[in-house]
Amino acid sequence: MSERYDGQTYYELLEVTPQAGPGEIYNAYQRARATYSATSPALYSMFTAEEAQELMVLIEEAYQTLSHQAKRRDYDVKLGLVQVQPRAAAVERPGQSMRAAAAAKKVDDPWIGPVKVLHKSKEELPAGFARTKFSVYESNPNLELEIRELSECDGLFLQKIRLYKGVTLDQMSEEIRVIKSTLVALEANDLEALPVAVFTRGFVMQYARALAVDEKKICEAYMKFFKARKVVK
């Protein structure tokens, strides 16, 4: 780990607590990727290109460790968060095959693998959580109310919704078939880089649909901003 991040744990890098569950870790990882990706406007004032790349490597390392049950346990032991509990060795009983003995041993050391997005709509979510096609995220009542009641919004607010719901630019680009540079321009309010109103409206409609918010309301709110700014210019 570089000097700039020396002393920070993987939990601190992803901004989660050591008690965070798999879903929370996954969403924190997605937020970090979106925030510190090469296309994020936030990087220009905070990091050099080399520092941003280094940070992304550390974020990947953090996720690969914390999303893997055995690796996370070893890491927690290293941090002193948990104590090593001695385990009895697997004993091969008379008449028990070596394969059966190995299977019995595995029960004590399961590996859930990297955390993935929940896809089955019938799976129950913890109280206070919701889902999009791409992610499970913790619901924010205040932001949900703001989204429902907004009458005008710009690209920065669209980005705020996307990051809140744990959706990356890459995922959005692939889902709505719009190149990433256009989405960056949309979120950065670079109206000169956007197409004419009718096409921009279509992009925003698909964007809102992918985030599972009221596409009509979001579209109308954004187009108020878009048309007003276009008139001024």
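Structural notes on the state of the cysteines
For the coordinates displayed, the defined rule picks out zero disulfides. Cys153 carries a free sulfur, and the closest cysteine sulfur to it, the one in Cys219, is 9.2 Å from it. Accessibility expressed as a relative area gives 5% for Cys153, which makes it buried.

Remarks on helix 7 (residues 141-149)
Because an α-helix completes one turn every 3.6 residues, residues spaced three or four positions apart along the sequence face the same direction. Inspection of helix 7 places Leu143, Glu144 and Ile147 among the buried residues, and these make up the whole buried set. One side of helix 7 holds all its buried residues, which, seen down the axis, span an arc of 105 degrees. The exposed residues of helix 7 that point more than 90 degrees off its buried face are Pro141, Asn142, Arg148 and Glu149. The opening residue of helix 7, the one whose side-chain oxygen lies 3.0 Å from the backbone nitrogen of Asn142, is Asn140.

Examining the confidence of the model for the protein chain
Across the protein chain, pLDDT averages 77, with 73% of residues at or above 70. Within the protein chain, the lowest mean pLDDT, 49, falls on helix 6 (residues 98-107), and the highest, 94, falls on helix 8 (residues 155-164). Between residues 1-5, whose pLDDT stays under 50, and residues either more than four places distant or in other chains, the model counts 15 contacts. Note on residues 104-122: pLDDT under 50 across the span, and 28 contacts to partners over four residues away in sequence or across chains.

What counts, and at which threshold
- Residues numbered from 1 in each chain as written.
- Predicted model: local features only at pLDDT ≥ 70, side-chain atom pairs only at ≥ 80, totals over all residues.
- Heavy atoms only, no water.
- Disulfide = S-S within 2.5 Å.
- Buried < 20%, exposed > 50% of the residue type's maximum accessible area, 1.4 Å probe, protein only.
- Helix = DSSP H or I, 4+ residues; strand = E, 2+ residues; numbered from the N terminus.
- Arc of directions from axis to C-beta.
- Polar contact = N/O pair within 3.5 Å; in protein donor to acceptor, adjacent residues only side chain to side chain.
- pLDDT = per-residue confidence, 0-100.
- Contact = heavy atoms within 4.5 Å.

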